[in-house]
Amino acid sequence: MRRAVSGKLGGILNGKHVLLGITGGIAAYKCAELVRGLRKAGADVRVVMTAAAERFVTPTTLQALSGHPVRGSLWDEAAEAAMSHIELARWADAVLIAPASADTLARLAGGHANDLLSTLCLATEAPVHLAPAMNRVMWANPATRANVAALQDRGFRIHGPASGEQACGETGEGRMLEPGQLVAALAGSAGAWQGRRVLITAGPTYEDLDPVRFLGNRSSGKMGFALAEAAVAQGAEVLLVAGPVLLPTPSGVRRIDVRSAAQMHDAVMAELAGTDTFIAAAAVADYRPKTVSAGKIKKSEADATLALERTPDILAAVAGSPMRPKRVIGFAAETERLEEYAREKMHNKRLDAIAANAVGMPGSGFESDDNALTVFTRTGRHAIAHTTKRQAADALLEILLEQLP
Ligand code: PMT
């Protein structure tokens, strides 16, 4: 059985003020356990419920568990006299809305302020975490997708939903994350990368030749996605610029999908301002066809030659930008002379560190779930032994903070 809050999280939110907003959805029944988990992690929790939430759980339960009166209305004079909604918004170190119904997402995306919870979200400077929960068709609806994208663009952190059996009897994406997972997500916000903006590229690029053919490579995106997941778990605000891959977006990560090196370059440069750390895990094509044929290229008896031109070097452009982030990190996938070539790339592209990846054998590098890396900084080298890409990502982030504080 899943433990509500793992022993590892006990005390990790010590002294943090968490404002828990509960909205109308059957998953609201899990909030009793969520409040207990947050308190066990050391947080001081105050609960705000919408009118719809009170149809699913009683304020009395949450008052008993949080140790504070539960707030519901913007017009409760006694409660406002004790702590006004503006004071409550300032009090919060983090706002967590769980479950966040489809209607709540729509109202937050629209900037509404017609009840206590939406007003608090407009009035707070604390990060707002949303744990959506709804029927799978509602979650997939283009209106909900657009609202979620708008909220992510504005810095709201989205956690989940998970996939599985739903209260309505259907199966699919839309279940609220478990209380333990939400406590872990918030604890991550108090982690070593808290307050840092991390931009990561992942996956391959596809360089079109004609409407049906392209030049690509074997990158699956797993390494870059693992880094995004690890960074967000450590509290970073993460933007993932992903080439064409078939991976789900890690919870809490903002993602921009691109296809070609030129598109990846443009997306990265447009988002660079304010970035603390840039990590280029993508396998970007170095060359693209000089011309892209409008129609399918027909075969003939003669041999064919492809004219190629260079793509923009995204990593070098970031390192040379006036908006250069504090840390600029590259990857180097090499089949031979790993250290020599990796150091050469670090020097030529003016990087702070490079993660060298021995590729060409099964069990690490491209496509695999595992990896082994050697991280070179200007002054040293640090080995990350063969492990899962997620653990390698954790280790790499730790090395970066230690070596490039
Ligand atoms: O995606 P996976 O299947 O999980 O595999 C992971 C990986 C092997 C793709 C990844 O860990 C890795 O090593 N990525 C770098 C791949 C590579 O071949 O890099 P490179 O040596 O061509 O380029 C060096 C660096 O410059 C890289 O950080 C690359 O992202 C960057 N670059 C390269 C060319 C270019 N036009 N723009 C760039 O930003």
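Residues numbered from 1 in each chain as written. Predicted model: local features only at pLDDT ≥ 70, side-chain atom pairs only at ≥ 80, totals over all residues. Heavy atoms only, no water.

1. Comments concerning the overall build of the protein
- Of the regular secondary structure elements, the protein holds 14 helices and 19 strands.
- Since a compact globule built from 405 residues should have a radius of gyration of about 22 Å, the 24 Å found for the protein is in line with a globular shape.
- Each of the three principal axes of the protein carries a C-alpha extent, and together these read 80 × 50 × 45 Å.
- Counting over 405 residues, the protein shows a buried share of 51%.
- Excluding contacts between residues fewer than 6 apart, the proportion of contacts in the protein whose partners are at least 24 apart in sequence is 67%.
- Within the structure as shown, the protein displays about 19,000 Å² of accessible surface, and the carbon and sulfur contribution to it stands at 51%.
- Seen as two clouds, the 44 positive and the 42 negative side-chain charges of the protein have centres 1 Å apart. (Helix = DSSP H or I, 4+ residues; strand = E, 2+ residues; numbered from the N terminus. Rg over C-alpha atoms; globule rule 2.2 N^0.38 Å. Buried < 20%, exposed > 50% of the residue type's maximum accessible area, 1.4 Å probe, protein only. Contact = heavy atoms within 4.5 Å. Areas by Shrake-Rupley, 256 points an atom, 1.4 Å probe, with all protein chains shown as cover. Lys, Arg positive; Asp, Glu negative; His and termini not counted. Charge placed at Lys NZ, Arg CZ, Asp CG, Glu CD.)

2. A few points about the site of the ligand
- Taken together, 27 residues form the shell around the ligand, and within it Ser219, Ser220, Ala280, Ala282 and Lys345 come nearest.
- One of the backbone nitrogen or oxygen atoms of lysine 222 is found 3.3 Å away from an oxygen atom of the ligand.
- In the model, an oxygen atom of the ligand is placed 2.8 Å from a nitrogen or oxygen of the methionine 223 main chain.
- Surface burial for the ligand is 95%, taken as the share of its 770 Å² of free accessible area covered by protein chains.
- Looking at the shell around the ligand, the elements that each hand over two or more residues are helix 10 (222-233), helix 12 (314-319) and strand 16 (327-334).
- Ranked by residues supplied to the shell around the ligand, first place goes to strand 16 with three residues.
- Taken together, the residues of the shell around the ligand break down into 13 nonpolar, seven polar and seven charged. (Near = heavy atom within 4 Å. Polar contact = N/O pair within 3.5 Å; in protein donor to acceptor, adjacent residues only side chain to side chain. Nonpolar A, V, L, I, M, F, W, Y, C, P; charged D, E, K, R; others polar.)

3. Observations regarding unusual backbone geometry
- Omega for the peptide link from alanine 98 to proline 99 comes to -5 degrees, which places this bond in the cis form.
- Here glycine 160 and proline 161 are connected by a cis peptide whose omega angle stands at 5 degrees.
- Summarising the element assignment, proline 161 is placed in the loop between strand 5 (157-158) and strand 6 (162-165).
- At arginine 337, a residue that is not glycine, the phi angle is positive and equals roughly 40 degrees.
- Its place among the elements puts arginine 337 in the loop between strand 16 and helix 13 (338-348).
- Notably, glutamate 367 is not glycine yet its phi reads approximately 70 degrees, a positive angle.
- With respect to the helices and strands, the residue glutamate 367 is situated in the loop between strand 17 (353-358) and strand 18 (370-377).
- Judged by its relative accessible area of 41%, glutamate 367 falls in the partly exposed class.

4. Regarding the pairing of strand 19 (residues 381-388)
- Here strand 18 runs beside strand 19; their pairing, made up of six bridges, is antiparallel. Bridged to threonine 374 within strand 19 is alanine 383.
- Linking strand 18 back to strand 19 in an antiparallel pair, the connection comprises three residues. (Pairing = 2+ DSSP bridges.)

5. A look at the pattern of salt bridges
- Applying the stated criterion to the full structure yields 25 salt bridges.
- When the shortest N-O distance is used, the salt bridge between arginine 107 and aspartate 115 registers 3.1 Å.
- Linking arginine 378 and aspartate 352 is a salt bridge whose minimum nitrogen-to-oxygen distance equals 3.5 Å. Taken together, the residues arginine 378 in the loop between strand 18 and strand 19 and aspartate 352 in the loop between helix 13 and strand 17 connect sequence positions 26 residues apart.
- Residue class for arginine 378 comes out exposed when judged on its relative accessible area of 57%.
- The class for aspartate 352 is buried, based on a relative accessible area of 11%.
- When salt bridges that share partners are traced, they join Arg197, Glu237, Arg254 and Glu271 into one network. (Salt bridge = Lys/Arg side-chain N within 4 Å of Asp/Glu carboxyl O.)

6. As for the sheet that holds strand 17
- One open sheet holds the eight strands; their spatial order is 12-11-8-13-16-17-18-19, and the pairing between them is mixed. In this open sheet, the two strands that pair with only one neighbour each are strand 12 (254-257) and strand 19. Across the sheet, the mean angle from the axis of one strand to that of its neighbour is 15 degrees, orientation sign disregarded.
- Seen against the sheet, helix 10 touches strand 8 (197-202), strand 11 (237-242), strand 12, strand 13 (277-280), strand 16 and strand 18 and runs at an angle of roughly 170 degrees to strand 11.
- Here helix 13 sits on the sheet and contacts strand 16, strand 17, strand 18 and strand 19; the angle it forms with strand 17, its principal contact strand, is near 150 degrees. (Axes fitted to C-alpha atoms, helices over the stretch in contact; angles between N-to-C directions.)

7. Re the environment of alanine 283
- Structurally, alanine 283 can be placed in the loop between strand 13 and strand 14 (287-289).
- Here the alpha-carbon distance between alanine 283 and valine 253, two residues 30 residues apart in the chain, equals 20 Å.
- Beyond its immediate sequence surroundings of up to four residues, alanine 283 is in contact with Gly203, Pro204, Thr205, Asn217, Ser219 and Phe366.

8. Some thoughts on the domain arrangement of the protein
- Domain parsing of the protein yields domain 1 (17-190) and domain 2 (197-289 + 305-403).
- Its C-alpha centre places domain 1 at a distance of 34 Å from the equivalent point of domain 2.
- Facing the nine residues of domain 1 at the interface are eight residues of domain 2.
- Counting the surface lost from both domain 1 and domain 2, the interface buries some 630 Å², and carbon and sulfur atoms represent 40% of this. (Domains from an automatic or database assignment. Buried area = accessible area lost by both parts, 1.4 Å probe.)

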